[in-house]
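Descriptive structure summary
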Amino acid sequence: MSRPLVLITAPVPDNLRDQLDKHYATLDLPADACLATAVEPRQAKHVCGILCMATTPVNEQVLAHFPQLRVVSNFAVGFDNIDIDAATKRRILVCNTPGVLDAAVADLTIGLIISLSRDLVRGDAYVRDGSWEQAGPPPLTADIRGKTLGLLGMGRIGREVARLAQAFNMPVLYHNRSPDHEADASGLAQYCSRDTLFAQADFLSVHVPLTPQTRSSIGEHEFSLMKPSAYLVNTGRGAVINETALVTALRTGQIAGAGLDVMAQEPLPASHPFCKLPNVILQAHVGSATVETRHAMITLATHNLLDALGNNRPQAMVNPHLLDSDAPSAQSETP
Ligand code: GLV
């Protein structure tokens, strides 16, 4: 009889791989693989788990291809690559990696804010290309102290950014689906309406997940509210922003600039208009990409998968109610 099979599209280090190998056969596939076509039906029927990158699509077609699938463990906190409703209907547990990457993503967010206000990327070029020698000191830049930070989304990462901003004496406003009363009461940040947030922020940082409701939800209207001196920072998901509207806002000076770690299309083609704009700082989706943080993430993702398959409660689940409800399995409801 074949061993149950785990599909892997994430980088699993040897010590964790040994733990998987004790109980399961494994099959490594590329991060962007179409799992439904990459695994032939003969093997597909043995697949009990998927340990995947946030770039691996896990849609209805994929879920339907693996009749014994019990868990999809994402090597990411975001899970917009997975059809959660379809997984839940099939009683497939979905796990993610919240918590362990908050500090790294918040650090990068503050790094982008400082890089924008102090013009660090152009400053580097100014020295290297001899402009300093030829033209003297570069133009003055701006303090971040006292400038208002606006956080769209006040989850774990938003709160961590607010905490770091306190070191720079930045007043923090936020907008969230529901107010974070603790943040307001402790003085960490002040809740405001969405329009007020865009109108008052000197730095507007995006920390909402990508959902059908948030997709392309920051566009012409939001940029029209922003100050011409304000910067947009995004370390969440690129598709939350209407990028065509952002390019126009950046080209016309409607806003001062942007720091983007994420884009709607990744990897971003070098021919993209963002790459031609001098007031944009780009990163290659590296918010959590430190050795320590990625290690913590893959450890959590692997343990989530092993726990789910071993009938233990995983530390982090997207649809935990599956374990708490005794509702009949959606699979058995399927005609
Ligand atoms: C990274 O983008 C993540 O969602 O963890």
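Structural data are supplied above this passage.
Summarised in this report is the structure supplied together with it. Nothing here was measured: the structure is a model prediction, and the numbers come from that model. Sequence order as written defines residue numbering, which begins from 1 separately in each chain. With the structure being a predicted model, the display of local features is reserved for residues of pLDDT at least 70 and the display and counting of side-chain atom pairs for 80 or more, all residues being used for whole-chain, interface and lining totals. Note that water and hydrogens are dropped before the side-chain values are worked out from all heavy atoms of the structure.

Let's talk about the overall build of the protein
Counting its secondary structure elements, the protein contains 16 helices and twelve strands. A compact globule built from 335 residues should have a C-alpha radius of gyration of about 20 Å, and the protein, at 22 Å, falls within 12% of that. Counting only C-alpha atoms and orienting by the principal axes, one finds that the protein spans roughly 75 × 45 × 35 Å. Partly exposed residues are those whose accessible area sits between 20% and 50% of the maximum for their type, while under 20% is buried and over 50% is exposed, using a 1.4 Å probe and protein chains only. Counting over 335 residues, the protein shows a buried share of 48%. When contacts within the protein are restricted to residue pairs at least 6 apart in sequence, long-range pairs at least 24 apart make up 61% of them. Note on areas: these come from Shrake-Rupley sampling with a 1.4 Å probe, and a residue is covered only by the protein chains present in the view. Carbon and sulfur atoms form 53% of the exposed surface of the protein, whose accessible area is close to 16400 Å². Considering the protein, the positive charge centre built from 26 side chains and the negative charge centre built from 33 side chains are found 2 Å apart. Working definition: helices are DSSP H or I runs of at least four residues, strands are E runs of at least two. Numbering for both runs from the N terminus. We compute the radius of gyration over the C-alpha atoms and compare it with the globule rule, which gives 2.2 Å times the number of residues raised to the power 0.38. In what follows, a contact means two residues having at least one pair of non-hydrogen atoms within 4.5 Å. His residues and chain termini do not enter the charge count, which takes Lys and Arg as positive and Asp and Glu as negative. Just so you know, the charge point we use is NZ for Lys, CZ for Arg, CG for Asp and CD for Glu.

Topic: the pattern of salt bridges
Here a salt bridge means any side-chain nitrogen of Lys or Arg lying within 4 Å of a carboxyl oxygen belonging to Asp or Glu. Taken as a whole, this structure holds eleven salt bridges when the rule is applied. Here Glu-160 makes a salt bridge to Arg-163, at a shortest N to O gap of 3.0 Å. On the criterion of helical spacing, the pair formed by Glu-160 and Arg-163 is a turn pair, its members being three residues apart in helix H9 (residues 156-166). The class for Glu-160 is buried, based on a relative accessible area of 17%. Since its relative accessible area comes to 46%, Arg-163 is described here as partly exposed.

Topic: the packing of helix H1 (residues 14-23) against helix H14 (residues 291-309)
Axis angles are defined between N-to-C directions and span 0 to 180 degrees, where every axis is a line fitted to C-alpha atoms and, for a helix, only to the segment in contact. Two numbers describe how H1 lies on H14: the axes approach to 10 Å, and their chain directions differ by 5°. When the axes of H1 and H14 are compared, the pair comes out roughly parallel. Along the contact surface, H1 presents Leu-16, Gln-19 and Leu-20, while H14 presents Ile-298, Thr-299, Thr-302, His-303, Leu-305 and Leu-306. Three classes are used: nonpolar for Ala, Val, Leu, Ile, Met, Phe, Trp, Tyr, Cys and Pro, charged for Asp, Glu, Lys and Arg, and polar for all others, with Gly counted as polar. Looking at the contact of H1 with H14 residue by residue, the classes come out as five nonpolar, four polar and no charged. If an angle is under 35 degrees, it is roughly parallel; if it is over 145, roughly antiparallel; if it lies from 65 to 115, roughly perpendicular; otherwise it is oblique.

Here's the deal with the sheet that holds strand E10 (residues 231-234)
Paired strands, as defined in this entry, are two strands with at least two bridges between them according to DSSP. Taken in spatial order, the seven strands line up as E8-E7-E6-E9-E10-E11-E12 in an open sheet, and their pairing is parallel. The sheet is open, and its two borders are formed by strand E8 (190-191) and strand E12 (280-282), each paired with just one other strand. Of the strand pairs in this sheet, strand E11 (residues 257-260) and E12 are connected by three bridges, and their pairing is parallel. Each residue of the ladder has a partner; that of Gly-259, found in E12, is Ile-281. Where H9 meets the sheet, it contacts strand E6 (149-152) and strand E7 (172-175), and its direction lies at approximately 170° from that of E6.

With respect to the nonpolar core
One broad rule of soluble globular proteins: the nonpolar side chains tend to lie buried together. Take the buried Ala, Val, Leu, Ile, Met, Phe, Trp, Tyr and Cys residues and link them wherever side-chain atoms come within 4.5 Å; each set so joined is a nonpolar core. Counting 48 residues, the largest nonpolar core has Ile-113, Leu-149, Leu-151 and Met-154 as its most contacted members. For the domain bounds, the source is a domain assignment made automatically or taken from a database. In terms of domain composition, this core takes at least three residues from each of domain 1 (5-100 + 292-324) and domain 2 (102-282). The contact partners of Met-154, leaving out residues within four places of it in the chain, are Arg-159, Ala-162, Tyr-174, His-175, Asn-176, Asp-180, Ala-183, Leu-188 and Ala-189. Core analysis: the second largest hydrophobic core is formed by 30 residues, Leu-173, Val-206, Met-263 and Leu-277 among them.

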